[in-house]
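For reference, the chains in residue letters:
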Amino acid sequence: MKAGQKVKATPHPTGFGLLYALRNNSYGVESALGELVDNALDAGAHNVDVHLIKNQTENDYIDAITCTDDGSGMDADKLMHSFSLGSSRQYGAKETGRYGMGGTNGPIGLGKIKMTLTRSEKGGTLIARKLDVDWCEANDMYGTFVLPLDQIKEEYINLFNDKNGNGTGTMIIIEALDKYVEKTVKNEAKRLAIYFGKTYFAFIEGRQLKLVINDKEVSPIDPLYWSHKDVSRVIDKQKILIGTNHDGEPIFCSVKVADLSNVNDARGSKQGRNMSNSQGGYFIRVNRMIAEAKTNDSACGIEGFWNKHPSYRNVRFTVKFESDADELFGVTFKKDDIRLDPTVAAILAKIINPAARDISARTNAAKGKASAESKQNSLSDLTKKINSEPMKKIRKKSSEENNKTSQSTSSDNVVPISREKSHKTLPVEQVEQVESEYSIEIESIGSMNSIARNVGYKIYLNSDHPWMGEHYNDASDSTVMAIQSLLSVFEKTAIELGEWDQDFMNKAIEQLRKNYSDNLARMTRLA
């Protein structure tokens, strides 16, 4: 066929096989509902309400899902085409849609039934259409049909009217959730709030969109904390040329880099709870996040940056682009990942890497050393813990049990522990009432002495020991607490074991302590 030659093509009907394949290679609930939010935004919506409707059993599982918006709605022709598996129109650079598949492919990836209820004129008539996967399978074809309003549950119509009154808008209803892993309404609502908060944070912060899940408004979660009073804005570069389109017109993106070193809120937030895993790049397409926390990843074409490392935990950057850059960023059809063009990756790395290295260097230089006061506070907290009821009630064996233990070890050719000089053993129920107050202190007794010791119920940690000098004295608060805990619990255990047999066990514990301290010192010198 010659270029430009007109031919008459024969349309091929779509059988159930395609629908089956799409349903088995489809969306999770978050990304599926994200497609509906995208469509609502393209329709000019400012309010989107998601309702997770629980079933009537006691398990609180989700029985149906609705997504209602106050966008422009659809007439009968647009409604029919909205069920097409592939776009029949061109999308603008500012529109979030791309292939025209997500509005149907997303819902059928969750359930067998998709219904759309819509009104395109204020005060106009509601119209509806339905897709039933079981019907498509029985007839081996992909098809939809007009749905009379009297066949729609009254609760759906009431919900639509509650949100939109007699105004325009659209409601998507998903039922028969056979592909949806059963989750409770409460848990799924939490997951969706985090996903929506991150994915649409730019829309929500910019007051362009109000997202509500089961009557609870979603809060924005900005990974860069760009508006936070303690964030350090390192780079804010607009209109970075990254290529040209097929007509030779330039394609741009923008980059922001932030240093979160002083943003304490990030460490307690849902997305910042693990700072190391949250480091890296967040890619934002038409104000919608499609990829997050990206560092070097060959599968995504992200190369030339850095591998995830604790020293980069405070580095965050965003790359924002419009849909005309989709090919350069390799946007997936579900809009949930990217595959960067190598040239684009190189351009971005050249801008971002120097700033990232500077933040990493500052992070290492400011690596917190625990102060003398914080170390003492840590000891005080640890002393309270070690004297708490769960730690006090350590069960001791009775004389009869000790004798049994001695006999069993003798049968295994192990020299039994002598009981001749042991303390008188109290009955179990009496021993559990004995109260002993532990104390923990730091002492300086020279590098050749044990790393820890005890006198009665007093525990001493030796700050002069080589291992302490290497790992404790200049350590962070969390490391100080960890070392204090490990050594103190070791000594507490030694105290408890020493009560079995004063002579024999104390000698064994002292030898164990000496060997343990010597090995730590040797290990430190080797390091």
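Throughout this description, residue numbers start from 1 for each chain and increase along the sequence as written. Where local features are concerned, this predicted model is filtered to residues with pLDDT of at least 70; where side-chain atom pairs are given and counted, the filter is 80 or more; whole-chain, interface and lining totals use all residues. Note that water and hydrogens are dropped before the side-chain values are worked out from all heavy atoms of the structure.

Chemist: Help me out: how do you make sense of the overall build of the protein chain in this one?
Modeler: Counting from the N terminus, the helices are DSSP H or I runs at least four residues long and the strands are E runs at least two residues long. Secondary structure summary: the protein chain contains 19 helices and 16 strands in total. Scored against the burial criterion, the 527 residues of the protein chain give a buried share of 44%. Sequence-distant contacts, at least 24 apart, represent 65% of the contacts inside the protein chain between residues at least 6 apart. Burial here depends on accessible area, computed with a 1.4 Å probe over protein chains only, as a share of the maximum for the residue type. Under 20% is buried, over 50% is exposed, and the range in between is partly exposed. By definition in these notes, contact holds between two residues if any of their heavy atoms fall within 4.5 Å.

Chemist: Help me understand the side chain of D222, please; the structure alone is not making it clear to me.
Modeler: Looking at the element boundaries, D222 is found in the loop between β8 (216-217) and β9 (232-244). Asp and Glu count as negative and Lys and Arg as positive, but His and the ends of the chain are not part of the count. Criterion for a salt bridge: a side-chain nitrogen of Lys or Arg within 4 Å of a carboxyl oxygen of Asp or Glu. As a buried residue without a salt bridge, D222 has its nearest oppositely charged side chain in K256, at a separation of 6.9 Å. Engagement of the side chain of D222 in a polar contact is seen with the backbone nitrogen of L224, the distance being 3.0 Å. A polar contact of 3.0 Å, which involves the side chain of D222, links it to the backbone nitrogen of W226. N or O atoms within 3.5 Å of each other form a polar contact, as long as, within protein, one can give a hydrogen and the other can take it, and as long as residues adjacent in sequence are counted only when both atoms are side-chain atoms.

Chemist: Before we go on, may I ask you to explain the pattern of salt bridges in this structure?
Modeler: Pairs may arise between side chains of opposite charge once their charged atoms sit close together. Counted under the stated rule, the structure contains 17 salt bridges. D38 is the partner of R288 in a salt bridge, and the nearest nitrogen-oxygen pair spans 2.8 Å. You can see R288 sitting in strand β12 (residues 288-294) and its partner D38 sitting in helix α2 (residues 29-42), a full 250 residues away along the chain. D38 matches R288 in its accessibility class, with the two residues each being buried. The shortest N-O distance in the salt bridge between K335 and D38 comes to 3.3 Å. One end of the pair, K335, is in the loop between α11 (326-329) and α12 (342-365); the other, D38, is in helix α2, and 297 residues separate them in sequence. Residue K335 shares its accessibility class with D38, and that shared class is buried.

Chemist: Would you explain the packing of aromatic side chains in this entry?
Modeler: Within a pair of aromatic rings, the relevant descriptors are the distance that separates the centres and the angle that separates the planes. Each Phe, Tyr or Trp ring (for Trp, its six-membered ring) is paired with any other whose centre lies within 6.5 Å, and the angle between the two planes then decides the class: stacked below 30 degrees, edge-to-face above 60, tilted in between. Following the criterion strictly, the structure yields 13 aromatic pairs and no others. Between F305 and F317, the aromatic rings sit 5.9 Å apart at their centres with planes inclined by 10°, giving stacked as the arrangement. Separated by twelve residues along the polypeptide, F305 in the loop between β12 and β13 (315-321) and F317 in strand β13 bring together distant segments of the chain. Residue classification places F317 among the buried positions, given a relative accessible area of 1%. Relative to Y457, the ring of Y438 has its centre 5.2 Å away and its plane inclined at 85°; by these criteria the two rings are edge-to-face. One end of the pair, Y438, is in the loop between α16 (428-431) and β14 (439-443); the other, Y457, is in the loop between β15 (452-455) and β16 (458-462), with 19 residues separating them in the sequence. Judged by its relative accessible area of 7%, Y438 falls in the buried class.

Chemist: Sorry, what's going on with the confidence of the model for the protein chain here?
Modeler: As a note on interpretation, predicted positions should not be read in detail where pLDDT is low. The predictor's confidence in any single residue is recorded as pLDDT, a number from 0 to 100. On average, the protein chain scores 83 in pLDDT, and the residues at 70 or more come to 81%. For the protein chain, α16 is the element with the lowest average pLDDT, namely 39, and strand β7 (residues 210-213) is the one with the highest, namely 98.

Chemist: Teacher, can you tell me more about the sheet that holds β9 here?
Modeler: Adjacent strands of a sheet form backbone hydrogen bonds with each other and so pair up, either parallel or antiparallel. Strand pairing requires that DSSP identify at least two bridges connecting the strands. Spatially, β9-β10-β13-β11-β12 is the arrangement adopted by the five strands of the open sheet, whose pairing is mixed. Whereas interior strands pair on both sides, the edge strands pair on one side only; in this sheet they are β9 and β12. Put simply, the sheet's adjacent strands are angled 20° from each other on average, direction ignored. Note that β9 and strand β10 (residues 250-259) share nine bridges and pair antiparallel. Its bridge partner lying in β10, G243 is registered against I251. Against the sheet, α12 makes contact with β9, β10, β11 (280-285) and β13, and its axis sits at roughly 170° relative to β9, the strand it touches most. Between N-to-C directions, angles span 0 to 180 degrees; the directions come from axes that are lines fitted to C-alpha atoms, helices contributing only their stretch in contact.

Chemist: Just checking my understanding: could you explain helix α6 (residues 154-164) for this structure?
Modeler: Residues lying three or four places apart along an α-helix face the same way, a consequence of the helix completing one turn every 3.6 residues. If you check which residues of α6 are buried, you get Y156, I157, L159, F160 and N164. Projection of α6 onto a plane perpendicular to its axis shows the buried side chains occupying an angular sector of 160°, all on one side. Seen from the buried face of α6, the exposed residues on the opposite side, beyond 90 degrees, are E154 and D162. Following α6 by one or two positions, G165 has its phi on the positive side, about 60°. Think of it as the arc spanned by the lines of direction from the helix axis to the C-beta atoms.

Chemist: Where do I start with the sheet that holds strand β4 (residues 127-132) in this structure?
Modeler: Taken in spatial order, the eight strands make up an open sheet running β5-β4-β3-β6-β2-β1-β7-β8, and their pairing is mixed. Of all the strands in the sheet, the pair left with one neighbour each is β5 (145-146) and β8. Sheet topology note: the strand β3 (residues 113-119)/β4 ladder contains six bridges and is antiparallel. By the bridge assignment, K114 is partnered in β4 with L131. Packed onto the sheet, α2 meets β1 (47-54), β2 (62-69), β6 (169-175) and β7 and runs at close to 20° relative to β2. Sheet strands in contact with α6 are β1, β2, β3 and β6, and its direction is about 145° off that of β6.

Chemist: Can you walk me through the packing of α2 against helix α7 (residues 185-199) in this structure?
Modeler: A pair of packed helices is captured by two measures, namely the crossing angle of their axes and the spacing between those axes. At a closest axis distance of 10 Å, the pairing of α2 and α7 adopts a crossing angle of 55°. On the basis of their axis angle, the class for α2 and α7 is oblique. Note that α2 runs across α7; the crossing there is right-handed. In this structure, α2 contributes V29, E30, S31, L33, G34 and V37 to the contact, and α7 contributes E188, R191, L192, Y195 and F196. Ten residues, namely Ala, Val, Leu, Ile, Met, Phe, Trp, Tyr, Cys and Pro, are considered nonpolar, four, namely Asp, Glu, Lys and Arg, are considered charged, and the remaining ones, Gly among them, are considered polar. Tallied by class, the residues present in the contact of α2 with α7 amount to six nonpolar, two polar and three charged. Small angles under 35 degrees read as roughly parallel and large ones over 145 as roughly antiparallel, with 65 to 115 read as roughly perpendicular and the rest as oblique. Left-handed describes a crossing whose near helix is turned anticlockwise from the far helix by less than a right angle; the clockwise case is right-handed.

Chemist: How do you make sense of the environment of K130 when you look at a structure like this?
Modeler: Its place among the elements puts K130 in strand β4. Given the relative accessible area of 17%, K130 is considered buried. Distance in space between the C-alpha atoms of K130 and G143 is 9.1 Å, their sequence separation being 13 residues. For K130, the contacting residues outside a window of four places in its chain are F83, I113, K114, M115, T144, F145 and L147.

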